[in-house]
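Take a look at the letters that make up each chain.
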Amino acid sequence: MALSWRSWLANEGSKHLFLFFWLSLNVWLFGKTFLLYNEGLQYYYLHQMLGLGLCISRASASVLNLNCCLVLLPMCRVLLAFLRGSQKVTSKKTRRLLDKSKTFHVTCGVTIGIFSVLHVAAHLVNALNFSQNYNEEFVTLNAANYRGEDPRKLLFATVPGLTGVIMVLVLFLMFTASTYAIRVSNYDIFWYTHNLFFVFYMLLMLHVSGGVLKYQTNLEEHPPGCFNPNKTLRQNLTVPNAFEELFPDYTTEPFPEDLPVPEPFVQNSFMRVCSEEPKFQSHFPETWFWISGPLCLYCVERLYRYIRSNKPVTITAVISHPSNVLEVRMMKDDFEARPGQYVILHCPRVSALESHPFTLTMCPTDTKATFGVHLKVVGDWTERFRDLLLLHSNQDTEILPIFQQRRYPKLYVDGPFGSPFEESLNYEVSLCVAGGIGVTPFASVLNTLLDGWKCYKLRRLYFIWVCRDIESFRWFADLLCMLHNKFWQENRPDYINIQLYLSQTDGIQKIIGEKYQALNSRLLIGRPRWKLLFDDIAKCNRRKTIGVFCCGPNKISKILHKLSNSSNSYGTRFEYNKESFS
């Protein structure tokens, strides 16, 4: 299968180029800082004491400052949603870069983990060197109190050491809980441990305020390695004890400035004479400059999100669909959203701290203020949420509108936030592939087209939906039928191409109901033949750019990604977009 470099650059090339640039930037910053501390005269005496441990610890710290600064920005969801919807960001490629915000967040996190290990190892060596290489000549330069002091005291009895140990433990918990296995098996662990980031940042600000590493401030008066005649005389001149007893006021005064230095101490071409002792000072905590801005921005955004979502929504309907899927329809004052966006639901009666994102399947319009989500009951949170909403939680096998008067639990909605599927209406041709419950982001797009399609750039939509059981298609069967009938009535039957695939079956099955005949004719048994499907779409849309959108299992995503990067003989280019759920 030939690879189209143009398609590769449009789909994955920009991501790889950015990751290469980011890696190069971190390596350059590490090397630049390493040379500064290795060759800088202001660190001459400290370098003599600590060796390469100083250079590595400071170089890794500079990389950590950069990544701790930027790791929060991809989590500023309101900012990303604003940029995605802003008229100033007109380039589709620029907007698609915003879809990589999660990848950038993970990249910064991994970088923090790697250089934290390097930073910790370097400081362990530094603690040992501070103890063994205690400098009695420059007392203020030492972190240890005396030669041979237990290095563990520097790690557990000082503010920089203790905060560093706690930060290592916090990072370990965050990294282990972020693995795929933990996120899938117990999302709560991931959620709670990831919120320890605030503790990490508070400890980080304390950690850098210790001022353990110092630099020399008077390089002009005391060049490193210079010769101090006053000090040499005081060290070499010995006074008899009897003389000291007879003349207690006798002291070895330094040479007056107007007298010449004795011949043995005259400055030669290889040595400079210094006029005073070296003075050392701790660095100002540069980390504060790095993290204060993003941390304040994130805190302001969280405050804004809290104020925006502090009023509970009005639940207008709760519908139980087949295969453990629950639909919740709501209303909220001044709530606006675009198709493809998602919201975060928080129900205090289910969990005081926990909240979860769900894609909007219905967006408010000019004619209706209702919006809704579909959620699959697969965990403790969704099970408790369903039990609170439904009168009878076991009635999950039929569509059952709840019209009875009852007191629904308070539900808070935060959002909406942007996603890659907002771009599906900005292509002339789009291919939307859904796997199971991954159909939810496309449902809002289909609902929007049902209200009106002429105001959008989209002129042809290929909709592929793969499910394991026949009942799952009933989640949006009515919507698909209405959309199909609408375009037939408007003489645009080619606007939408619907293909439904039933991957597991014991025989010929149909979607029950006379009104679903239009869908039964589009129901296919088995899995899609993706290569033939892409070739057929490319043939029918020669020399066009097609947006490919996928929300489903990783196996399907990888196949579509590979096919989008492949070349074809029709001059058609596929741009791949993906949202993964797992």
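The model shown is predicted, which means the values in this text are computed figures rather than measured ones.

**Q** Pulling in residues and values, what's your account of the overall build of the protein?
**A** Helices and strands together make up the secondary structure of the protein, namely 20 helices and 15 strands. Expressed as a percentage of the 582 residues in the protein, the buried residues total 47%. Counted over contacts in the protein with a minimum sequence separation of 6, partners at least 24 positions apart contribute 76%. When the accessible surface of the protein is totalled, it reaches about 30,900 Å², and 59% of it is carbon and sulfur.

**Q** Requested: an account of the environment of asparagine 568, with residues and values cited.
**A** Among the structural elements, asparagine 568 can be located in the loop between helix 20 (554–564) and strand 15 (573–580). When its relative accessible area of 22% is taken as the criterion, asparagine 568 is described as partly exposed. Here the alpha-carbon distance between asparagine 568 and phenylalanine 534, two residues 34 residues apart in the chain, equals 9.2 Å. In contact with asparagine 568, not counting residues within four places along its chain, are Ala538 and Phe574. One polar contact links the side chain of asparagine 568 to the main-chain carbonyl oxygen of threonine 572, over a distance of 2.7 Å.

**Q** Outline the packing of aromatic side chains, supporting the account with residue identities and numerical values.
**A** Overall, the coordinates contain 20 aromatic pairs when judged by the stated rule. Plain terms: the ring middles of phenylalanine 197 and tyrosine 201 are 6.4 Å apart, the flat faces sit at 80 degrees to each other, and that makes the pair edge-to-face. Taken together, the residues phenylalanine 197 and tyrosine 201, both in helix 11 (residues 197–207) and four residues apart, mark about one turn of the helix. An identical accessibility class is assigned to phenylalanine 197 and tyrosine 201; each is buried.

**Q** I'd like a description of the layout of surface pockets, backed by residues and values.
**A** Quantified by volume, the second largest pocket comes out at close to 990 Å³. At the level of elements, helix 3 (52–70), helix 6 (101–132), helix 7 (151–156), helix 8 (159–177), helix 11 and helix 14 (286–308) are the ones that each hand at least two residues to the lining of the second largest pocket. For the lining of the second largest pocket, a count of residues per class yields 24 nonpolar, 13 polar and two charged.

**Q** Please give an account of the side chain of threonine 107 that cites residues and values.
**A** In this structure, threonine 107 sits in helix 6. If we skip the residues at most four places from it in the chain, threonine 107 touches Leu19 and Trp22.

**Q** Any chance you could break down the pattern of salt bridges for me, citing the residues and the numbers?
**A** A complete count under the given rule lists 16 salt bridges for this structure. Residue glutamate 327 pairs with arginine 329 through a salt bridge whose shortest N-O separation is 2.7 Å. A salt bridge links glutamate 428 to lysine 544, with the nearest nitrogen and oxygen atoms 3.5 Å apart. Of the two residues, glutamate 428 is situated in the loop between strand 9 (412–417) and strand 10 (429–435) and lysine 544 in the loop between helix 19 (530–540) and strand 14 (545–552); the sequence distance between them amounts to 116 residues. The class for glutamate 428 is partly exposed, based on a relative accessible area of 35%. With relative accessibility at 31%, the residue lysine 544 sits in the partly exposed group. Bridged by salt links that share partners, the residues Glu301, Arg305, Arg308 and Asp414 form one connected network.

**Q** Can you break down the nonpolar core residue by residue, with the values?
**A** Ranked by size, the top nonpolar core spans 39 residues in total, and within it Leu449, Phe463 and Trp465 carry the most contacts. Sorting the residues of this core by element identifies strand 10, helix 16 (440–451), strand 11 (460–467), helix 17 (477–489), strand 12 (496–502) and strand 14 as the ones contributing at least two each. The greatest single-element share of this core, amounting to six residues, is contributed by helix 17. Discounting chain neighbours no more than four positions away, the residues touching phenylalanine 463 are Cys432, Val439, Phe442, Leu446, Leu480, Asn497, Ile498 and Gln499. Counting 30 residues, the second largest nonpolar core, distinct from the first, contains Phe30, Val71, Phe115 and Met167.

Quick notes on the rules
- Residues numbered from 1 in each chain as written.
- Predicted model: local features only at pLDDT ≥ 70, side-chain atom pairs only at ≥ 80, totals over all residues.
- Heavy atoms only, no water.
- Helix = DSSP H or I, 4+ residues; strand = E, 2+ residues; numbered from the N terminus.
- Buried < 20%, exposed > 50% of the residue type's maximum accessible area, 1.4 Å probe, protein only.
- Contact = heavy atoms within 4.5 Å.
- Areas by Shrake-Rupley, 256 points an atom, 1.4 Å probe, with all protein chains shown as cover.
- Polar contact = N/O pair within 3.5 Å; in protein donor to acceptor, adjacent residues only side chain to side chain.
- Phe/Tyr/Trp six-rings, centres within 6.5 Å; stacked < 30°, edge-to-face > 60°.
- 1 Å grid on protein atoms, 1.4 Å probe; cavity = no way out; pocket = protein on both sides within 12 Å on 5 of 7 lines; lining within 4 Å.
- Points joined across faces, edges and corners; volume = space filled by probe spheres on them.
- Nonpolar A, V, L, I, M, F, W, Y, C, P; charged D, E, K, R; others polar.
- Salt bridge = Lys/Arg side-chain N within 4 Å of Asp/Glu carboxyl O.
- Core = buried A, V, L, I, M, F, W, Y, C linked by side-chain atoms within 4.5 Å.

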